[in-house]
Amino acid sequence: MFNRVLCVIVMVAFCLFTNGCSKKDETGEKSETDKAEKHVIQNAGSDTMVNLAQAWAEAYASVEPSISIEVSGGGSGTGIAALTSGTVDIANCSRQMELAESERVKQNTGESPKEFIVGYDALAVYVHKDNPLAEISIDQLANIYGEGGDITEWSQLGIDNSECVNDEIIRVSRQSNSGTFVYFREAILGKNRDYKLGSRDLHGSKDVVELVAHTPCAIGYSGMGYATPEVKMLKIAKNAGDASYGPTAQGVLDGTYPIARPLYMYSLGTPEPQEQSYLDWIFSPAGQGIVETTGYVPVGQQ
Amino acid sequence: MKIITNVFHQLGRWCEPVIEGIIRLCGISAIIFVFGIFFFVFREGMGFFFGGLDIVEFLTSPEWYPTSVSNKRYGVLALVAGTFSVTALAMVLAVPFGLGAAIFVSEFCGPKLKETLKIVIELLAAIPSVVWGFIGLTVMNALIIKIFKVPIGLTMLNGGIILSLMSVPIIVSIGEDALKAVPDSYREAAEALGATRWQVVYRVLLPTAKNGLLAAVLLGVGRAVGETMAVLMTTGHAVNMPLGPFDSVRTLTATIAAELGEAAVGSDHYRVLFIIGVLLFSITFIVNFVTDLVIKGIREKA
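Predicted model, so just to flag it, every value in this text is computed and none were measured. (Residues numbered from 1 in each chain as written. Chains lettered and ligands numbered in written order. Predicted model: local features only at pLDDT ≥ 70, side-chain atom pairs only at ≥ 80, totals over all residues.)

Caption draft 1: Quick peek at the overall build of chain A. Of regular secondary structure, chain A possesses ten helices and twelve strands. The contacts in chain A between residues at least 6 apart in sequence include a share of 71% that link residues at least 24 apart. (Helix = DSSP H or I, 4+ residues; strand = E, 2+ residues; numbered from the N terminus. Contact = placed C-beta atoms within 7 Å.)

Here it is as structure tokens:
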């Protein structure tokens, strides 16, 4: 009896499975390439890059219908872990892979990861749109955000933030495992210094901008692609008294804007032909155009 | 005919121990699950609990730096204080409202209004916590800034109000059940002695139903302590020893939710989050244990 039930279940599952496949084949047949099977590229990693990766995958589906790209987020570390275990073909990463990580990948899969810089992300420092502050130096930012820093009020920056009721600087930050949190710490505070406790640690790039937009006392950092009309991006100077620069594509590429980072993709060893053609397309004007429309900085404009 | 009943009789005799065994297993399963969960949570954290974690620092230091490069510090005092303060504030707001509404629904209002109220209160309970969090993040934040003239609205007060709104439906529905369980003869006897309706409630119903009402309140407390998403979004998620309702705080549950996803499996940070899980488990265990003692004490006095 149980055997018979099991048999039926297996058969039904088999039918559903083959049915699903044949449907996919039908759509495949419509394509010019006329290939029987669709090649799937698994792509996972950085949350910062997930919107970008998804936009790429969607646009590429109409360029090359025989290849389908499955994108998921989870964080840069998650992407590297998946590459190590061989469950993804391409890992997205908003920071460079550490030496120990790339060694682990090589140890587990026998192939060393190959690195591609696919775009740049500038971290903007946001304040409320009514805040009179226009520029800030890295040193001032470190004194606002860093452990032991002594700037706690807007008047210490030489401005009168009249919208803010008690002049207190409300620091908006990210949760401690976010790639953005780690990068901002490195760029502003240096490798070994920690953030001051008591910052509001939000859980997404968008939430930071949202909170700053509604809070006249707040200062926060997030990707420049998340800017809205309700917030103001500060110009940033490397040292007090230096010229300050806003987050623009030009400033990121020529290095005058100090807090920008490359966005990486990693493949296992030399990419397979399908992966290579996807990466080639990403570096083409069409692919880099999507980088620009999603709010990041394209590569190769030097 | 007689043979058939005989067969059933025999079958019943054989089946009974089997059914009894199954029911026994169902009863014991709760114990198995609780100990199983405790065991697995503890096992994940054990490696760090016995090797490396300074327990005294863990419980008494407010410095939470799990991802610091140079100086990792695992102190949860600020998180414990955050959990308790938000829960206490939520209960101060929710208990009078919840019990008041329970008394009104069960004793004072007409049948038509009663049906409407019960449906609306159940609807209130059905709103997902992430939606509550969203309301706190957008609506309440702006309201608190405007009304109380404070620099930021993501505070203990915001979290407390949202949590109280979430626990009121539980307190109302269980409290109402407890009042309904008081036999009508009590009410009739009291009214026959010339008591007003308020006197009936105050002198007869509340003392009789106090066990049930206490259970209602404590289930509300449980809801508030265990809530994660809403407090993550509304309290500001700042590691901070709270001094008043306008300070931002961070709770134990929110810390686990925000950080576990990206902590490397097996790292100290990962293990310390599981130890926080054990701590939360112990707190709820103590609350339940004390409740049992209190209820027993009330019963013995009565």
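Caption draft 2: How the structure looks around the packing of helix α4 (residues 111–126) of chain B against helix α6 (residues 156–180) of chain B. Residues and elements named next belong to chain B. The contact between α4 and α6 brings their axes to 8 Å, and the two run at 135°. Considering the angle they form, α4 stands oblique to α6. Of the two possible hands of crossing, α4 and α6 adopt the one that is left-handed. Two secondary-structure elements touch here, α4 through I121, E122, L124 and A125 and α6 through P169, I170, V172 and S173. Here the contact of α4 with α6 is composed, by residue class, of six nonpolar, one polar and one charged. (Axes fitted to C-alpha atoms, helices over the stretch in contact; angles between N-to-C directions. Parallel < 35°, antiparallel > 145°, perpendicular 65-115°, else oblique. Left-handed = near helix turned anticlockwise from the far one by under 90°. Nonpolar A, V, L, I, M, F, W, Y, C, P; charged D, E, K, R; others polar.)

Caption draft 3: Focus on the domain arrangement of chain B. Residues and elements named next belong to chain B. Annotation of chain B at the domain level lists domain 1 (2–51) and domain 2 (73–301). Across the contact, eight residues belong to domain 1 and eight residues belong to domain 2. Across the side of domain 1 that touches domain 2, the residue classes tally to five nonpolar, two polar and one charged. (Domains from an automatic or database assignment.)

Caption draft 4: Expanded view of helix α3 (residues 76–84) of chain A. Residue and element names in this part refer to chain A. The element α3 is extensively covered by neighbouring structure, given that nine of its nine residues are classed as buried. Taken as a whole, α3 has its buried residues at S76, G77, T78, G79, I80, A81, A82, L83 and T84. Just downstream of α3, G86 is the residue with a positive phi angle, here 80°. (Buried ≥ 20, exposed ≤ 12 C-beta atoms within 10 Å, placed from the backbone.)

Caption draft 5: Representation of the sheet that holds strand β5 (residues 135–137) of chain A in the model. Residues and elements named next belong to chain A. Read from one edge to the other, the open sheet built from three strands follows the order β5-β10-β11, with strand pairing classed as mixed. In this open sheet, the two edge strands, each paired with only one partner strand, are β5 and β11 (244–245). Pairing of strand β10 (residues 235–237) with β11, which is carried by two bridges, proceeds in the antiparallel orientation. The residue bridging I236 from the neighbouring strand is Y245, located in β11. Seen against the sheet, helix α5 (residues 138–145) touches β5 and β10 and runs at an angle of roughly 80° to β5. (Pairing = 2+ DSSP bridges.)

Caption draft 6: Focus on the confidence of the model for chain B. All names here are of chain B. The pLDDT averaged across chain B works out to 89; a share of 99% of its residues lies at or above 70. When pLDDT is averaged over each helix and strand of chain B, the minimum, 84, is found for helix α12 (residues 268–301) and the maximum, 94, for helix α3 (residues 77–108). The ipTM for the predicted assembly is 0.77, set against a pTM of 0.77. (pLDDT = per-residue confidence, 0-100.)

Caption draft 7: Spatial organisation of the interface of chain B and chain A. Tallying the contact residues gives 28 residues for chain B and 25 residues for chain A. Elements with a contribution of two residues or more to the side of chain B that touches chain A: α5 (129–148) and α11 (252–260) of chain B. With three residues, the single largest contributor to the side of chain B that touches chain A is α5(B). Tallied by class, residues from the side of chain B that touches chain A come to 15 nonpolar, nine polar and four charged.

Caption draft 8: Main features of the nonpolar core. Grouped together as the largest cluster of nonpolar side chains are 134 residues, with contacts concentrated most on A:A91, A:A122, A:V212 and B:I171. What B:I171 contacts, discounting residues up to four positions off in sequence, is B:A94, B:V95, B:G98, B:L99, B:A102, B:A216, B:V217 and B:G220. (Core = buried A, V, L, I, M, F, W, Y, C linked by C-beta atoms within 7 Å.)

Caption draft 9: A look at the pairing of strand β3 (residues 90–93) of chain A. Residue and element names in this part refer to chain A. Burial of the side chains of β3 extends over both faces: I90 and N92 are buried on one face and A91 and C93 on the other. Pairing of strand β1 (residues 39–45) with β3, which is carried by three bridges, proceeds in the parallel orientation. Following the sheet pairing, G45 is matched in β3 by N92. As paired elements, β3 and strand β12 (residues 260–268) share four bridges and run antiparallel to each other. Counterpart to A91 in the pairing with β12 is Y266.

Caption draft 10: Expanded view of the domain arrangement of chain A. Residue and element names in this part refer to chain A. Examined at the domain level, chain A breaks down into domain 1 (39–120 + 262–293) and domain 2 (121–260). The gap between the C-alpha centroids of domain 1 and domain 2 is 29 Å. Listed per partner, the contact involves eight residues of domain 1 and eleven residues of domain 2. Split into classes, the residues belonging to the side of domain 1 that touches domain 2 amount to two nonpolar, five polar and one charged.

Caption draft 11: Layout of the packing of helix α9 (residues 273–283) of chain A against helix α10 (residues 285–293) of chain A. Residues and elements named next belong to chain A. The geometry of α9 relative to α10 is characterised by a closest axis approach of 4 Å and an angle of 60° between their N-to-C directions. Considering their axes alone, α9 and α10 lie oblique with respect to each other. For the pair α9 and α10, the contacting residues are W281, I282 and F283 in the first and A286, G287 and Q288 in the second. Looking at the contact of α9 with α10 residue by residue, the classes come out as four nonpolar, two polar and no charged.

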